[in-house]
Amino acid sequence: VILRAIARAPSDHSSTTGSSATWGARAAVGVMCAAVTLGLFGVLLTLPDPAPSIAPYVAENMPATALGNPIAGVLMVFRAMDTVLETVVVLLALIGVWAMVPQHRLAELPGPLAPGRAPEPVVFLARALVPFGLLLGAYQVWAGADVPGGKFQGAAVLASMGLLLMMAGVITAPAATNTRLRALLLVGPILFLAVGVAGWPLAGAFLGYPAGLEKPVIIAVEIASTISIALALVMLVLGPPAGSASS
């Protein structure tokens, strides 16, 4: 990434001093990259064998979560704080994209994914594939508590289906000022944090789940987070507002 940024940087090739400085900077970056590579390689050679693991402790305490998928148990119980932050980070990334334009332009629609009218094969693919994609995304979220899946995987599938519909011209993207859009973007993080705060009086710890209600609460949080993450991913791909004003 650093080398590509330097390569794209404007340089005055007519100046011998500037050219020397550019090659000197590239050489310095190359040396640093080589040093980092060698350092990482050295770290790999010093890793213990076998690697330390808390998998036995996770397996021992999985029955208390009422979940059948160990990955879901780790993400939603044993390291739930990290999962909360990951959900919030997606929203913060979208806010950063929207912050790239002046506030008065937020009412404009995002730019189109493709110029002109969508080809008929794309329209047919959208109409034929999206129903199956929606079912697959919903299944990944619902079944993620017991088998591989989860909200991030399901949200990625749902977001791709939404983008496909937009590419085909079947639906249009909402503006950043759309109240319903903003409410759906917030429902996941807010519910997750609300469950976390409620854990103090109900379970004795932040992000603790009430005894006997662990699985229903986790699934409710997963569903709400899926909606927020899927919409955030769609809006991130569309980029900052750049179209006409929304009605």
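Look a little higher up for the structure.
Okay, so let's go over this structure. (Residues numbered from 1 in each chain as written. Predicted model: local features only at pLDDT ≥ 70, side-chain atom pairs only at ≥ 80, totals over all residues. Heavy atoms only, no water.)

### Considerations on unusual backbone geometry
Cis geometry marks the peptide bond from Asp49 to Pro50; its omega dihedral reads 5 degrees. Topologically, Pro50 is positioned in the loop between helix H2 (16-45) and helix H3 (55-61). The phi angle at Ala66 is positive, at roughly 65 degrees, despite the residue not being glycine. Among the secondary structure elements, Ala66 is positioned in the loop between H3 and helix H4 (70-78). (Helix = DSSP H or I, 4+ residues; strand = E, 2+ residues; numbered from the N terminus.)

### Digging into a nonpolar patch on the surface
Taken together, the side chains of Phe41, Val43, Leu44, Leu45 and Leu47 present a nonpolar region at the surface, about 540 Å² in accessible area. As for its placement among the helices and strands, Leu44 is situated in helix H2. (Patch = residues over 30% accessible without salt bridge, like charges linked within 9 Å, V, L, I, M, F, W, Y side chains within 5 Å. Areas by Shrake-Rupley, 256 points an atom, 1.4 Å probe, with all protein chains shown as cover. Salt bridge = Lys/Arg side-chain N within 4 Å of Asp/Glu carboxyl O.)

### A look at the side chain of Lys151
Looking at where Lys151 falls in the secondary structure, it is placed in helix H7 (residues 151-167). Judged by its relative accessible area of 3%, Lys151 falls in the buried class. Within the structure, Lys151 has its side chain in polar contact with the side chain of Glu222 (distance 2.8 Å). Setting aside residues no more than four positions away along its own chain, Lys151 makes contact with Met76, Thr83, Thr87, Val141, Glu222, Ser225, Thr226 and Ile229. (Buried < 20%, exposed > 50% of the residue type's maximum accessible area, 1.4 Å probe, protein only. Polar contact = N/O pair within 3.5 Å; in protein donor to acceptor, adjacent residues only side chain to side chain. Contact = heavy atoms within 4.5 Å.)

### Details of helix H5 (residues 80-98)
In an α-helix, one full turn covers 3.6 residues, which means residues spaced three or four apart are oriented alike. Its 19 residues place the ends of H5 28 Å apart at the C-alpha level, agreeing with the 27 Å of an ideal helix rising 1.5 Å per residue. If you check which residues of H5 are buried, you get Ala80, Thr83, Val84, Thr87, Val90, Leu91, Leu94, Val97 and Trp98. Along H5, the residues classed as buried sweep out an arc of 155 degrees about the axis, all on the same side. (Expected span 1.5 Å × (residues − 1). Arc of directions from axis to C-beta.)

### Points about the pattern of salt bridges
Counting across every chain of the model gives 5 salt bridges. Across the pair Asp82 and Arg79 runs a salt bridge whose closest N-O atoms are separated by 3.8 Å. Taking relative accessible area as the criterion, Asp82 reaches 38% and is therefore assigned partly exposed. The partly exposed category is assigned to Arg79, whose relative accessible area is 27%. In this structure, Lys215 and Asp146 form a salt bridge, with 2.9 Å as the shortest nitrogen-oxygen distance. Of this pair, Lys215 sits in helix H9 (residues 214-238) while Asp146 sits in the loop between helix H6 (120-143) and H7, and the two are 69 residues apart along the sequence. A residue is classified by how much of its surface remains accessible, and Lys215, at 25% relative accessible area, is partly exposed. Put simply, Arg79, Asp82 and Glu86 are held in one network by salt bridges that share partners.

### With respect to helix H8 (residues 179-203)
End to end, H8 covers 34 Å across 25 residues, agreeing with the expected 36 Å (1.5 Å per residue, within 8%). The sharpest bend along H8 reaches about 35 degrees and sits at Val187, with the proline Pro189 one to four residues further on. Listed in full, the buried residues belonging to H8 are Leu181, Leu185, Gly188, Pro189, Phe192, Val195, Gly196 and Gly199. Considering only its buried residues, H8 is in contact with H4, H5 and H9. The N-terminus of H8 is capped by Asn178, whose side-chain oxygen sits 3.0 Å from the backbone nitrogen of Arg180. Just past H8, the residue Gly204 takes up positive phi, approximately 80 degrees. (Bend = angle between axes of the 7 residues up to and from the residue.)

Keep in mind these values describe shape, not function.
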